[in-house]
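Structural overview for review
So the chains spell out like this:
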Amino acid sequence: MTQYGPLNRNLGSGTRTKAVRSDMKWHELTRAGNIYEPGNANSYETGDWRSIRPVWNKERCINCLFCWRYCPDASVIAKDGKFEAFDYKHCKGCGICAKVCPVNAIDMVSEDEIEKVKEANKDEN
Amino acid sequence: MKTKVALTGNEAVAQAMKQINPDVVAAYPITPQTEIVQIFSSFVANGEVDTEFVAVESEHSAMSAAIGAAAGGARAMTATSSQGLALMFEVVYIAASMRLPIVFPVVNRALSGPINIHCDHSDAMGLRDSGVIQIFSENAQEAYDNMIQAVRIAEHPDVRLPVMVNMDGFITSHAMDVLEVLDDETVKNFVGTYVPDDYLLDAQNPISMGNFDMYDFYFEHKRQQVEAMKAAKEIIKEVGREFAKISGREYGLIEAYKLDDADVAVVVLNSAAGTAKGVADELRTKGIKAGVLKPRVYRPFPQEEIREALKAVKAVAVMDRAETFSTCGGPMFADIRNTLYDLKNDIKVVNYIYGLGGRDLRLEHVQQVFEDLENIRKTGRVDETVKYLGLRE
Ligand code: SF4
Ligand code: SF4
């Protein structure tokens, strides 16, 4: 059963852990769900909200980095002034990058399509 | 040092707030509470307190501003009544779930409609499930004393919850009463300096409060609030004992008046408890063993104390100054009946709805209740479980 002591019911006030896990019991969690770690949005993977994903077309890209500047979720990763990759763990699939790309180097593809292709590849193997 | 003074309930509460000297008070006027913040704002204007007074545009904003201030580590207060509390409704839940120790007097008044400005408890009862501690006050003295204790209860690290201090609109808020006030220094020492463990805008210790909480955590945080309410029962008693040392007046979760040998008892909140006690005294001279139970704290609900106090009584009348429209009686009736169920000793429990919209509760009304209880005790028969007192029918 519960291991908290009746003498200290100031639950959660001592918890400053970065590692809030989804299996934590009510008396292990921080009081009122307060979060003590700055920049914690990174640990919340919003990528699974996505229904369409941006797909980069290397041949067309002119590395203007409009997409990098416009992405509201910092999900375009650039390196040495060049497009590097999408961060699919956080990209919500809003499509802004595809819209602003001056050379149509980004296609928005349905996640269902991506799944189907993955399945098909699996069958072949 | 204690001084006897004559003050209205509103003046007494404003006086307590002055002595507490909170960091922030955000409020909006509403009858019959207006005087509290009006008097308090004059203390601010005269430099008698250090409080930042925020004159907001609504009660929704008043509680929101208090939440912001409290989240920033300030000792924050507001005050309201009736429609004002109704407009605050949404934000009161947030104050409770964010575990912010905001103290706010509520001068109980009927809810519209029909529009009315007089006393009943429908405003407070609307927020009984919001997660705030609810303390009720029989008279100006108790309202003053409860305000001072509320600060310590709210801020206790095991509790950290808002506290609503109730008193009856006009009956207590506007009637002149004799009470004993403490000196400023004693109150200052009693409430102490508020040292929050967490607060916003501390660059060394960053924190996010009021976070989005989905199906995977919300439930657990609600359970934490229940635990804080459980802890509050102990802390309220502890603070009450400590308060006795500076005032000579001790407070617990309930007041049991002549219940030790009582056959019949009335359970009632706020000012009507004074009326009921007077009637019980009168009846005792006639050989009727009458008693009164006044819950001082309604949330958390003092179930064990009430069960213990009423276990030997034969018939109980719960008097509710609020309607639930369940057609099965008032809010406190359901709680008290539930409390006595486990005793399995066939205590008869009946309900009287009284005083809605400021309808007077007269001595004769309470006498009638006790007479009904005596009848029930003698015959063992309850004809009507829920009755209306002082209603033309
Ligand atoms: S906006 Fe288009 S062209 Fe510019 S960097 Fe991004 S993908 Fe490449
Ligand atoms: S789709 Fe939206 S979130 Fe994803 S990379 Fe493009 S702009 Fe960023």
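Preceding this paragraph is the structure being described.
A brief look at the structure comes next. (Residues numbered from 1 in each chain as written. Chains lettered and ligands numbered in written order. Predicted model: local features only at pLDDT ≥ 70, side-chain atom pairs only at ≥ 80, totals over all residues. Heavy atoms only, no water.)

1. Let's talk about the pattern of salt bridges
We count it as follows: A carboxyl oxygen of Asp or Glu within 4 Å of a side-chain nitrogen of Lys or Arg is what we treat as a salt bridge. Starting at the N terminus, helices and strands are each numbered in turn, a helix being any DSSP run of H or I of at least four residues and a strand any DSSP run of E of at least two. Here the term buried applies to any residue with accessible area under 20% of the maximum for its type, exposed to any over 50%, and partly exposed to those in between, with areas from a 1.4 Å probe on protein chains only.
Throughout the structure, instances matching the rule amount to 35 salt bridges over all chains. K92(A) is the salt-bridge partner of D73(A), the closest N and O atoms lying 3.3 Å from each other. Here D73(A) is found in the loop between α1 (66-70) and β2 (76-79), whereas its partner K92(A) is found in the loop between β3 (82-86) and α2 (96-100), with 19 residues between them in sequence. Of the residues examined, D73(A) reaches a relative accessible area of 26% and is grouped as partly exposed. We note a salt bridge from D129(B) to R299(B), for which the minimum N-O separation is 3.9 Å.

2. Focus: the packing of aromatic side chains
Threshold: Stacked, tilted and edge-to-face are the three classes applied to pairs of Phe, Tyr and Trp rings, where Trp contributes its six-membered ring and a pair requires centres within 6.5 Å; stacked means planes under 30 degrees apart, edge-to-face means over 60, and tilted covers the rest. Whether a charge sits over a ring comes down to the Lys NZ or Arg CZ being within 6 Å of the ring centre and within 35 degrees of the ring normal.
For the coordinates displayed, the defined rule picks out 9 aromatic pairs over all chains. Between the aromatic rings of F83(A) and F86(A), the centroid separation amounts to 5.1 Å while the plane-to-plane angle is 75°, which identifies the pairing as edge-to-face. Taken as a pair, F83(A) and F86(A) share a single burial class, namely buried. Each ring, one from F136(B) and one from Y298(B), has its centre 6.4 Å from the other, and the planes form 90°; the classification is edge-to-face. Of this pair, F136(B) sits in strand β6 (residues 133-137) while Y298(B) sits in strand β12 (residues 297-299), and the two are 162 residues apart along the sequence. Using a relative accessible area of 1% as the deciding quantity, one classes F136(B) as buried. Y298(B) sits in the buried class, given a relative accessible area of 0%. An aromatic cluster of three or more residues is present, and its members are W56(A), F83(A), F86(A) and Y88(A). One Lys or Arg, R53(A), reaches over the ring of Y88(A) and ends 4.2 Å from the middle of that ring.

From the geometry alone we can't say anything about function, so treat these as descriptive.
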